[in-house]
Amino acid sequence: MKNQIVRLKDYQPVPFVIKDVYLKFKLDPKKTIVNSKMNILPTGNSDLFLNGSQLKLKSIKINRIDASSLVTHNDNGIKFSKANLPKKQFLLEIITEINPKANTALEGLFMSNGIYCTQCEAEGFRKITYFMDRPDVLTKYKVRIESKLPVLLSNGEKTMQGKNWVEWVDPWPKPSYLFALVAGNLESYDDVFITRSKKKVILKIWVRKNDIQKCAFAMDALKRSMAWDEINYDREYDLNTFQIVAVDDFTAGAMENKGLNIFNSKYILASPETATDDDYKYIEGIIAHEYFHNWTGNRITCRDWFQLSLKEGLTVFRDQQFSSDQRGYSLKRISDVIDLRNRQFKEDNGPLSHPVQPKTYKEINNFYTATIYEKGAELINMLHRLVGSSAYKETLNLYFERYDGKACTIEDWLKIFQDYNKIDLNQFKLWYEQNGTPVITVEEHFESATYKLRLIQETNKKNSCNKPMVIPILIGLIDIDGKEILKDHLITLTKKEQEFTFNNIQKKPTLSILRDFSAPVIINRKTTNEENAFLLRHDTNDFTRWESGQKLALNSIINTIINHGPINEFYAESIKRVVNNNNLMPGFRALLIKLPTHETITDQLKKLNQQVDPNQIHKALTLTQSSQALILKEDLPNILDKLSNKYNKNNDLNTSGCRDLQSILLKLNTFNDGGELAFQKYFNADNMTNLQAALIALMDTKHREEIINNFYKNWKDDKLVIDKWFAIQAIHTGPETALKNVVNLSKHTDFDYKNPNRFRALIGSFCISNHPGFHDISGKGYRFAADWIIAQDKINPQVAARLSTVFQSCSKHNIQRQRLMKQEIMRISLTDDLSVDTKEIIDRIIA
């Protein structure tokens, strides 16, 4: 059965080799015919099982002889008894019929506004034809597509074509999850890339005709990614053509199919008028990620889905390196840590916690998580730091040399590092095996010019069997005058408790710990506001400097919630200093004055054994912003005027940083002028970043309705921009009207819940980012979410399952909210015909 538990320990190699496969598609919206011819070589004496789902079997032949009477069927596919199979290589031909138009799950072959499109990772290929649909089956593909549509695409290189048909051949063996097919009325944005070996690679981005003018940045990002991979990893592209297709209906962000990447149009289409600076950053990063998969995921793939982080964690680390080179290391690192803490730390310390290498699963789609991707990338980052940049690069070259064309494991990956660097990584492997976020308690002692640092690691309170892990911690020491006396010193914690001694220190230093966020851990160290203000002013490491500023802000907000106290004086002074410090990059100044996230405040309240009330957190954040605005009242007009003079439509580091800073300060300024300056800037904006910033700033002013209506009137024909319109209203509406507002928007004529982007823009944004609205004490926010999860589950289980994770924070709230959440969780669980995807998430939350 589909919902059986799959276990890592049960892995068995495939007893067959599929030498090659020839697929012929006769495309039809409701009755597509798929003819599959496979040359199969038995390597043992076993039954042959082929995965298949939602297929209509038309015929099946072995060596051109009807074999329909030789197969048995179950819910997961078909099986041939070993007694009925040839002992030598044989030809297996299967003809199936599928209905792309009815495929609302967007997995397998489906249609997006008249375009045929595939999504086969993780187990979508079995919805196209019967096959050994697992990542360790590497096969060469030849594909023929028959249709009257003008553009017919698949993996590899086009080898033949005629009237209404075309054939593609991919010379590189690949698993079925990397198969791709696209057919439709599309136009291409073309360019070329010359590799370092002087090979000419044809580049094409396929989009709808009206979107062709929005492809320039995506193409530029692709070319920069290709050049970067050659320089930094010695990886050259291995085909003559690289193609990308953008489609509107896509559950994921993008898919790295060999030679034919398929993207959610959100992560391709951009112009200054329609895309924000954040959009550009995401486009750049995701294009890099999918391209980098060509080697870390495609040429070397994973043996089974328990090894998913082998390709995803490594490729995320690679795209983070690339974006750091493009956008500035510190800004990228801090942004990545904010995302990790908000998403992965919450996951790692809740009911959905799992190791980077899981041991079991029911639905593999549920393990495309922040733990697999972002925490997995942090493990690569630690390896990189432990062995050093030069050794890391040489180790990766050995990895590519040894495992090219193979399906590998995490053990293979670690062995490469052991072999090249002559180190023992058995203890480091615990990072892959143990879940939970380690907590490092810090104790300090200074006496007689000797500074002692004692670190105690606690790996997982819920699992007493967890063992101490290898934790690289980058530190610095700063003297009383603000001078750095120890710079970027790496200490490695390997025991539960360890002490590190530093001699010849004349006065007690201030510790700067976990520089560059050198390990995905939580630092438990008591610091005063005075010490945090000192580090914010004098620390030479941008990450720990930012961290100190966040602690100052957090302490002030917590004091406001618990004691109704005003903004603390150290934080007030620091804000003014940061905003007026023109020696700091604008983007870094923006990060320094951004307040801690709702999740961070929630976690701190729980740590202090205080009640979590989303409304109180919202009020405290608003009051703190108001206090910031008052402190900066005399500075804001002048600073905003200077920033305005620096504007242009470029997306470079300094210009986008100026816009980031302007966005935050413009919002603060509305507390002083009621939104008059923001109203003016809205109508003067010549790019989407400034337009959106002004719109958000005006959401709590008298201009709200006028601006919302104006924005819709101007952009109603642009789907991606209207996604922003839905999301901004879902997030930036106060507690009193948040739920009523989102319910009304869900009835809007432009709200299409079958489109994943639109569904996430409205329903997802409200449930994930409007905390007081979602957690309304009446429980109506929970019911709203449950209703939509149940409705979405019937058409796209993956989207429904992802939204179900909003209930994982249940235990952090008071008894009344927990009771109301549990009612809706149980209602979802008891829904008839609930998908395995959603049921697995809900059951884990219940447990």
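Up top is the structure.
All residue numbers refer to positions counted from 1 along the written sequence of the respective chain. The predicted nature of this model means local features are confined to residues of pLDDT at least 70 and side-chain atom pairs, given and counted, to a pLDDT of 80 or more, with totals for whole chains, interfaces and linings taken over all residues. Calculation of side-chain values draws on the structure's entire complement of heavy atoms; hydrogens and water are dropped beforehand.

Asker: Looking at this structure, how should I read the overall build of the protein chain?
Answerer: When helices and strands are tallied, the protein chain shows 27 helices and 31 strands. Against the compact-globule benchmark of 29 Å for 847 residues, the protein chain has a radius of gyration of 28 Å, which places it among compact chains. Principal axes of the C-alpha set define a box for the protein chain whose edges measure 85 × 65 × 60 Å. The criterion used for residue contact is that any of the two residues' heavy atoms lie within 4.5 Å. Taking the contacts inside the protein chain whose residues are at least 6 apart along the sequence as the reference set, 70% of them involve residues at least 24 apart. Here the open area of atoms and residues is found with the Shrake-Rupley method and a 1.4 Å probe, where only the protein chains shown may cover a residue. By element, 49% of the accessible surface of the protein chain is carried by carbon and sulfur atoms, the whole surface being about 34200 Å². Secondary structure is summarised from DSSP: a helix means a run of H or I of at least four residues, a strand means a run of E of at least two, and numbering begins at the N terminus for each. For the radius of gyration, the atoms used are the C-alpha atoms, and the globule rule reads 2.2 Å times the number of residues raised to 0.38.

Asker: What am I meant to see in the nonpolar core here?
Answerer: When a protein is soluble and globular, its nonpolar side chains tend to lie buried together. In this description, a nonpolar core means a group of buried Ala, Val, Leu, Ile, Met, Phe, Trp, Tyr and Cys residues linked to one another through side-chain atoms lying within 4.5 Å. The buried label applies to any residue whose accessible area, calculated with a 1.4 Å probe on protein chains only, is under 20% of its type's maximum; exposed applies above 50%, and partly exposed to all values in between. In terms of nonpolar packing, the biggest core is built from 206 residues, with Phe-80, Leu-92 and Trp-413 touching the most fellow members. Non-local contacts of Leu-92, meaning those with residues more than four positions away in its chain, are made with Ser-36, Lys-37, Met-38, Ile-40, Leu-48, Leu-50, Ile-60, Lys-61, Ile-62 and Phe-80. If you look at the next biggest cluster of nonpolar residues, it comprises 57 residues, including Val-721, Phe-726, Leu-745 and Phe-784.

Asker: Would you mind going over the sheet that holds strand E8 (residues 77–80) with me for this structure?
Answerer: The strands making up a sheet associate through hydrogen bonds between their backbones, and the pairing can be parallel or antiparallel. Read across the sheet, three strands follow the order E4-E8-E7 without closing on themselves; strand pairing throughout is antiparallel. Lying at the two open borders of the sheet, with one neighbouring strand each, are strand E4 (48–51) and strand E7 (71–74). Across the sheet, the mean angle separating the axes of adjacent strands is 20 degrees when strand polarity is ignored. Pairing analysis gives four bridges linking E4 to E8, with the strands arranged antiparallel. Each residue of the ladder has a partner; that of Asn-51, found in E8, is Gly-77. A pair of strands counts as paired when DSSP detects no fewer than two bridges linking them. For helices, the fitted line uses only the C-alpha atoms of the stretch in contact; every axis is such a line through C-alpha atoms, and the angle between N-to-C directions lies from 0 to 180 degrees.

Asker: How should the pairing of strand E25 (residues 439–447) be read in this particular structure?
Answerer: On a regular strand, each side chain points to the face opposite its neighbour's, so the side chains alternate between the two faces of the sheet. Where E25 meets strand E26 (residues 450–458), nine bridges bridge the pair, whose relative direction is antiparallel. Paired with Thr-441 across the two strands is Ile-456, which belongs to E26. Counting the residues in the hairpin turn of E25 and E26 gives two residues, including Ser-448, whose phi is positive at 50 degrees. Two elements, E25 and strand E31 (residues 522–524), share three bridges in a ladder whose sense is parallel. Considered in E31, the bridge of Thr-441 is made with Asn-524.

Asker: I keep staring at the packing of helix H3 (residues 308–327) against helix H5 (residues 370–387) and nothing clicks. Help me out?
Answerer: The geometry of a pair of packed helices is captured by two quantities: the angle between their axes and the separation between those axes. Contact geometry for H3 and H5: axes closest at 7 Å, N-to-C directions at 70 degrees. Between H3 and H5, the interaxial angle falls into the category roughly perpendicular. Packed against H3, whose contacting residues are Leu-308, Ser-309, Glu-312, Gly-313, Leu-314, Val-316, Phe-317, Gln-320 and Gln-321, the element H5 presents Ile-372, Tyr-373, Gly-376, Ala-377, Ile-380, Asn-381 and His-384 at the interface. Across the contact of H3 with H5, the residue classes tally to eight nonpolar, seven polar and one charged. Working definition: roughly parallel below 35 degrees, roughly antiparallel above 145 degrees, roughly perpendicular at 65 to 115 degrees, and oblique for all remaining angles. Only Asp, Glu, Lys and Arg are considered charged, only Ala, Val, Leu, Ile, Met, Phe, Trp, Tyr, Cys and Pro nonpolar, and every remaining residue, Gly among them, polar.

Asker: Help me out: how do you make sense of the sheet that holds strand E29 (residues 497–502) in this one?
Answerer: Strand order in the open sheet made by the four strands is E29-E26-E25-E31, with mixed pairing throughout. Here the strands that pair on one side only, and so sit at the sheet edges, are E29 and E31. For this sheet, the mean angle separating the axes of adjacent strands, direction not counted, is 25 degrees. Strand direction decides the pairing type here: E26 and E29, joined by six bridges, are antiparallel. Among the inter-strand pairings, Lys-452 is bridged to a residue of E29, identified as Thr-501.

Asker: Where do I start with the pattern of salt bridges in this structure?
Answerer: Opposite charge on two side chains makes pairing possible when the charged atoms of those side chains draw close. The salt bridge criterion pairs a side-chain nitrogen of Lys or Arg with a carboxyl oxygen of Asp or Glu, the two atoms within 4 Å. Applying the stated rule across the entire model yields 64 salt bridges. The partner of Asp-190 in a salt bridge is Lys-204, with the nearest N and O atoms 3.2 Å apart. Residue Asp-190 is located in strand E17 (residues 187–194), and its partner Lys-204 is located in strand E18 (residues 200–207); the two are separated by 14 residues in the primary sequence. A salt bridge links Arg-659 to Asp-277, with the nearest nitrogen and oxygen atoms 2.7 Å apart. Placement of Arg-659 in helix H16 (residues 653–673) and of Asp-277 in helix H2 (residues 277–292) is noted, with a sequence separation of 382 residues between them. What makes Arg-659 buried here is its relative accessible area of 2%. Given a relative accessible area of 2%, Asp-277 falls into the buried group.

Asker: Whenever I open this one, unusual backbone geometry confuses me. Can you help?
Answerer: Following Glu-121, the chain continues into Ala-122 via a peptide bond in cis, with omega recorded as 5 degrees. Note on placement: Ala-122 falls in the loop between strand E11 (115–119) and strand E12 (139–146). Even without a glycine there, the phi angle at Asn-113 is positive, about 50 degrees. Inspection of the secondary structure assignment puts Asn-113 in the loop between strand E10 (108–112) and E11.

Asker: Even after reading the chapter, I still don't get the state of the cysteines, so can you show me in this structure?
Answerer: Working definition of a disulfide: a covalent bond connecting the sulfur atoms of two cysteines. Two cysteine sulfur atoms form a disulfide, by the criterion used here, when they sit within 2.5 Å. In this structure the tally under the stated criterion is zero disulfides. Cys-117 carries a free sulfur, and the closest cysteine sulfur to it, the one in Cys-120, is 9.3 Å from it. Residue Cys-117 is classed as buried on the basis of its relative accessible area of 0%.

Asker: Is there a simple way to think about a nonpolar patch on the surface in this case?
Answerer: On the surface, Val-192, Ile-194 and Ile-202 cluster together to form a nonpolar patch covering roughly 220 Å² of accessible area. For Ile-202, the position within the fold is in strand E18. Exposure above 30% relative accessible area and no salt bridge define the residues that can form patches, which grow by joining like charges within 9 Å and nonpolar side chains of Val, Leu, Ile, Met, Phe, Trp and Tyr within 5 Å.

Asker: I'm lost on the packing of aromatic side chains in this one. Help?
Answerer: Both the distance between ring centres and the angle between the ring planes are used here to describe each pair of aromatic rings. For Phe, Tyr and Trp, where Trp contributes only its six-membered ring, two rings pair if their centres lie within 6.5 Å, and the inter-plane angle classes them as stacked under 30 degrees, edge-to-face over 60, or tilted in between. A full pass over the atoms with the stated rule returns 44 aromatic pairs. Each ring, one from Tyr-682 and one from Phe-683, has its centre 5.0 Å from the other, and the planes form 85 degrees; the classification is edge-to-face. Here Tyr-682 falls in the buried class, since its relative accessible area comes to 3%. Over the face of the ring belonging to Trp-165 we find Arg-144, whose NZ or CZ atom lies 4.2 Å from the ring centre. Geometrically, a lysine NZ or arginine CZ counts as sitting over a ring once it is within 6 Å of the ring centre and also within 35 degrees of the ring normal.

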